[in-house]
Amino acid sequence: MRAGPFVVAAAVVMLLALRIRRTRRSGAATDRGARRIARRVPLGDMGLVAFREVRERVRGRFFRVITLVLLAVVAAAIVIPTLRGGSAASLRVGVVGPLPSALRHDALRAAARTGVSVRLVDEADLRAARAALSANRVAAVIDAQHRLIVRTPVSATARTGDVLAVRAIATSLGIDGALRAAKLSPAQAVILAHAGPLPVTSLQHRSGTNGNRSTSLIGIVLVFVMLTQYLTWTLMGVMEEKSSRVVEVLLATVRPVQLLGGKVLGIGLVAMAQAAVVVAFALVLAKAVGSDVLHGTTPVVIVATLAWLVLGYAFYSWVYAAAGSMVERQDQMQSLALPLSVPIIFGYVVSLVSASGGHPSLFVKVLAFLPPTAPFAMPVLVATGATTWWGFASSVAISVLCTVGVARLAAGVYRRAVLRTGRQVRLRELLASTSR
């Protein structure tokens, strides 16, 4: 009976020993699993940090919302012009009185050159035709004297499909009337009716198609929105890790350079994935709805815009990450955000104005070789044909070299500032500590 308590105590000790042994084995297995994952992931610990950033950003609600907003804006830019031009896709033109088949054929052929399908509708009289025109059942009316009547005045600068078709029909009827008034023979009339313009040559190369310019405008806006979005993520991510002291735990196992590089790489991968989704969606949607917004766009313009999105993020991300390591409160971050965004806003505004005009100035060409403004200026030069391949390559090389220098400087600032808490760290303090 007295041996009972000893047996119970021995059993408890054995159970505790087994429990501790299993815990150690599971811990060792976890460490081995983590090391195996680290070996499988490219770039080792930096790759793990990048994978963590990708997972957190993609799972976040803000990423999904901003992606849907970008897709909605792109869809609106592509679909709305198509809807506005939908009425011109099959244009109805009323005809009063007899219209010879030759004139009908010439009018339809002239309208077809504008890309608009026209259908001539016979009207009982001029009063019925005017009523149909007022009710918007027809876009124009050809009266018995072969005059063209429209509901509202036609602007000289309007470029919509229905206006272009009406102008083409008016020109065709005017030429036919002039040929009849000249009393030419049928053979002479045919020769004049089918006369084409003389070929025009120029000493300078064409500055780019309308499709390239429109794509350049859309690309500049896309680069600006995505750069500001992801650079703000980088700044806030570093600041939040510092203020919550999470960075102290991470730096116990990861070197500062690996932590900073993984954060920059992870957010950059998310940015590229989002940009690829937006571009692919735009191309597929434009093809599906038959939009001409991207018509005439060359793949070089799209590739150049995406390439400069990557280069622009690579240059600025190190600067924003270093700035985030110097602050730990929201109000301190806001005081740094404006000075950092000045070159981005400046390059965006200047490049957007230049892309709208279609003729980049010498000032824009200089900005295309400066890394802070090149992500906006160089795509404009590519779209307008104002640069050469070696000029593009030179700008890329300059941006890469400056990015390497900025990365080394930012890594040093991050290493010295990220563990200093309690107040905002001044850049001159870090530079002074480096010089000593």
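Scroll up for the structure.
Because the structure is predicted, anything quoted here is derived from the model rather than measured. (Residues numbered from 1 in each chain as written. Predicted model: local features only at pLDDT ≥ 70, side-chain atom pairs only at ≥ 80, totals over all residues. Heavy atoms only, no water.)

Novice: Outline the overall build of the protein, supporting the account with residue identities and numerical values.
Specialist: Assigned secondary structure in the protein consists of 16 helices and four strands. Expressed as a percentage of contacts within the protein between residues at least 6 apart in sequence, the contacts between residues at least 24 apart total 75%. For the protein, the accessible area works out to roughly 25,100 Å², and carbon and sulfur atoms hold 66% of it. (Helix = DSSP H or I, 4+ residues; strand = E, 2+ residues; numbered from the N terminus. Contact = heavy atoms within 4.5 Å. Areas by Shrake-Rupley, 256 points an atom, 1.4 Å probe, with all protein chains shown as cover.)

Novice: Explain the pattern of salt bridges to me, using residue names and the numbers behind them.
Specialist: Applying the stated rule across the entire model yields three salt bridges. Notably, a salt bridge pairs Glu53 with Arg52, separated by 3.4 Å at the nearest N-O pair. By relative accessible area, Glu53 is classed as buried at 0%. Of the charged contacts in the structure, one is a salt bridge between Glu56 and Arg52, with a shortest N-O distance of 3.5 Å. With a gap of four residues between them, Glu56 and Arg52 both fall in helix 2 (residues 45–59), about one helical turn apart. One salt-bridge network, held together by shared partners, links Arg52, Glu53, Glu56 and Lys263. (Salt bridge = Lys/Arg side-chain N within 4 Å of Asp/Glu carboxyl O. Buried < 20%, exposed > 50% of the residue type's maximum accessible area, 1.4 Å probe, protein only.)

Novice: Give a description of the side chain of Gln274 that names residues and reports values.
Specialist: Looking at where Gln274 falls in the secondary structure, it is placed in helix 10 (residues 256–289). Among all residues touching Gln274, those that are not within four sequence positions of it are Phe63, Ile66, Thr67, Leu70, Met226, Gln229 and Tyr230.

Novice: So what's going on with the packing of aromatic side chains? Which residues, and what values?
Specialist: Inspection of the entire model under this criterion finds six aromatic pairs. For the ring pair Phe315 and Tyr316, a centre distance of 5.2 Å and an interplane angle of 90° mean the geometry is edge-to-face. Given the relative accessible area of 10%, Phe315 is considered buried. Residues Tyr348 and Phe376 carry aromatic rings whose centres are separated by 6.3 Å and whose planes lie at 70° to one another, so their mutual orientation is edge-to-face. (Phe/Tyr/Trp six-rings, centres within 6.5 Å; stacked < 30°, edge-to-face > 60°.)

Novice: Describe a nonpolar patch on the surface, listing the residues and the values that go with them.
Specialist: There is a patch of nonpolar side chains on the surface, built from Val65, Val69 and Val73 and spanning about 240 Å² of accessible area. Among the secondary structure elements, Val65 is positioned in helix 3 (residues 61–84). A relative accessible area of 43% places Val65 in the partly exposed class. (Patch = residues over 30% accessible without salt bridge, like charges linked within 9 Å, V, L, I, M, F, W, Y side chains within 5 Å.)

Novice: Can you tell me about helix 12 (residues 330–357), naming the residues and giving the values?
Specialist: Residues spaced three or four apart along an α-helix face the same direction, because each turn holds 3.6 residues. For helix 12, built from 28 residues, the straight-helix expectation of 40 Å at 1.5 Å per residue is met to within 8% by its first-to-last C-alpha distance of 40 Å. A maximum bend of about 40° is found in helix 12 at Ser341, where proline Pro343 lies one to four positions downstream. Where helix 12 is concerned, the buried positions are Gln332, Met333, Leu336, Leu340, Ser341, Ile344, Gly347, Tyr348, Val350, Ser351, Ser354 and Ala355. (Expected span 1.5 Å × (residues − 1). Bend = angle between axes of the 7 residues up to and from the residue.)

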